[in-house]
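Report on the structure
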Amino acid sequence: MTTVSPARRYVRHLPSVAMLFVGLVFLVPFIWLVVVAFQAHGTLDLAGGGGFTLSHFSDVLHQSSFVSSFGNSLYLSIGTTIFTTVIAVLAGYPLSRFQSRAQRYFVYILVFLTGLPIIALMVPTYDYFVSLNFINSKFWTVWFMTATALPFGTWIARSFIDAVPREVEEASWIDGANRLTSLWRLVVPSIVPGICVVAMFTFVNSWSDFFIPYILLQGSNNPASVTMYSFFSQYNVNYGDVAAFALMYSLPPVVLYVVVTRWVGQGFALGGALKG
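These figures come from a predicted structure and were not determined experimentally.

The number of helices and strands found in the chain is 12 helices and 0 strands. Counting over 276 residues, the chain shows a buried share of 34%. Here the analysis covers contacts within the chain between residues at least 6 apart in sequence; of these, 73% occur between residues at least 24 apart. Put simply, the chain shows about 17,200 Å² of open surface, and 70% of that area lies on carbon and sulfur atoms.

Detailed reading of the predicted model is not advised wherever pLDDT is low. Of the residues in the chain, 90% have a pLDDT of 70 or more, and the chain-wide mean is 84. Across the chain, the secondary-structure element scoring lowest on mean pLDDT is helix α12 (residues 239–275), at 73, and the one scoring highest is helix α10 (residues 211–216), at 93. Scored below 50 in pLDDT, residues 267–276 makes 1 contact in the model with residues more than four places away or belonging to other chains.

Attention shifts here to empty space enclosed by the protein. A complete count under the given rule lists 1 cavity of 30 Å³ or more for this structure. Computed from the structure, the largest cavity encloses a volume of approximately 30 Å³. Together, Ser73, Leu76, Ser77, Ser206, Trp207, Asp209, Pro213, Pro223 and Ser225 line the largest cavity. Considering every element that reaches the lining of the largest cavity, the biggest residue donor is helix α3 (residues 64–97), with 3 residues. Split by residue class, the lining of the largest cavity holds 4 nonpolar, 4 polar and 1 charged.

Let us now look at the layout of surface pockets. Estimates place the volume of the largest pocket at around 480 Å³. Surrounding the largest pocket, 20 residues form its lining, Leu116, Ile118, Met145, Thr148 and Ala149 being those nearest its centre. Contributions of two or more residues to the lining of the largest pocket are made by α4 (103–114), α5 (119–131), α6 (138–162), α9 (192–208) and α10. Residues belonging to the lining of the largest pocket are distributed by class as follows: 13 nonpolar, 6 polar and 1 charged.

Right, let's talk about the nonpolar core for a bit. Core analysis: the largest hydrophobic core is formed by 22 residues, its most contacted members being Val60, Phe70, Phe245 and Tyr249. Elements with a minimum of two residues in this core: α1 (6–37), α2 (55–61), α3, α9 and α12. If you tally residues by element for this core, the top one is α12, at 8 residues.

Calculation criteria
Residues numbered from 1 in each chain as written. Predicted model: local features only at pLDDT ≥ 70, side-chain atom pairs only at ≥ 80, totals over all residues. Heavy atoms only, no water. Helix = DSSP H or I, 4+ residues; strand = E, 2+ residues; numbered from the N terminus. Buried < 20%, exposed > 50% of the residue type's maximum accessible area, 1.4 Å probe, protein only. Contact = heavy atoms within 4.5 Å. Areas by Shrake-Rupley, 256 points an atom, 1.4 Å probe, with all protein chains shown as cover. pLDDT = per-residue confidence, 0-100. 1 Å grid on protein atoms, 1.4 Å probe; cavity = no way out; pocket = protein on both sides within 12 Å on 5 of 7 lines; lining within 4 Å. Points joined across faces, edges and corners; volume = space filled by probe spheres on them. Nonpolar A, V, L, I, M, F, W, Y, C, P; charged D, E, K, R; others polar. Core = buried A, V, L, I, M, F, W, Y, C linked by side-chain atoms within 4.5 Å.

Listed below in structure tokens is the structure:
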């Protein structure tokens, strides 16, 4: 019977301890949001914030910019998600199915663009937007956000398309289907989880994006991520309103995640039942 030394036992539990620490780092700010949002006089210090109240939510909901800012966030996020997902699938398909000498370099470019900081693109982008009179246009801001999300989306879509057997498409070609038909009827249904990954990642990033709308949009076209910035002034910060706004701001991505995961799970169950 072999005995495990204490040092090796500690090393075995080290990953669990590290994950617990990371979880607490992310959990503590959320606990602060929940507590302060329902305190009458919430501050950075959780103690002494007063009794329970819903006044902060009422104050935020009655602000004139609340509805418009959330509407702008939905416009930017949904538009960017739709364009990015569709174009990523259409771009990932030829990268997966066609082989060429330039393909490897194109993939390297995708990887490079995925890690390129957005601040490196904003100065020339702002100059172009000003010269083309696109400043404060939500439509063109959506297209720019789509361009920034496409490298990662295309990379993920290509990876999922690679897992679809080519023989399935070749059989449909024999029956008279073209590539677009086989893509729509065979490949797309097979990569629904990958499409959901691209859509979720794009929506969450677009919803939480502050820098791009802050530079390209102004006034009533600002999304909720930029409107939250107005709660901070030089001499005073209403932490209760900030926490209430942040809680409501975090709901759409959470709801979308729950809905998408349940829908994908039901799709897998239905697919397994049909195969059985």
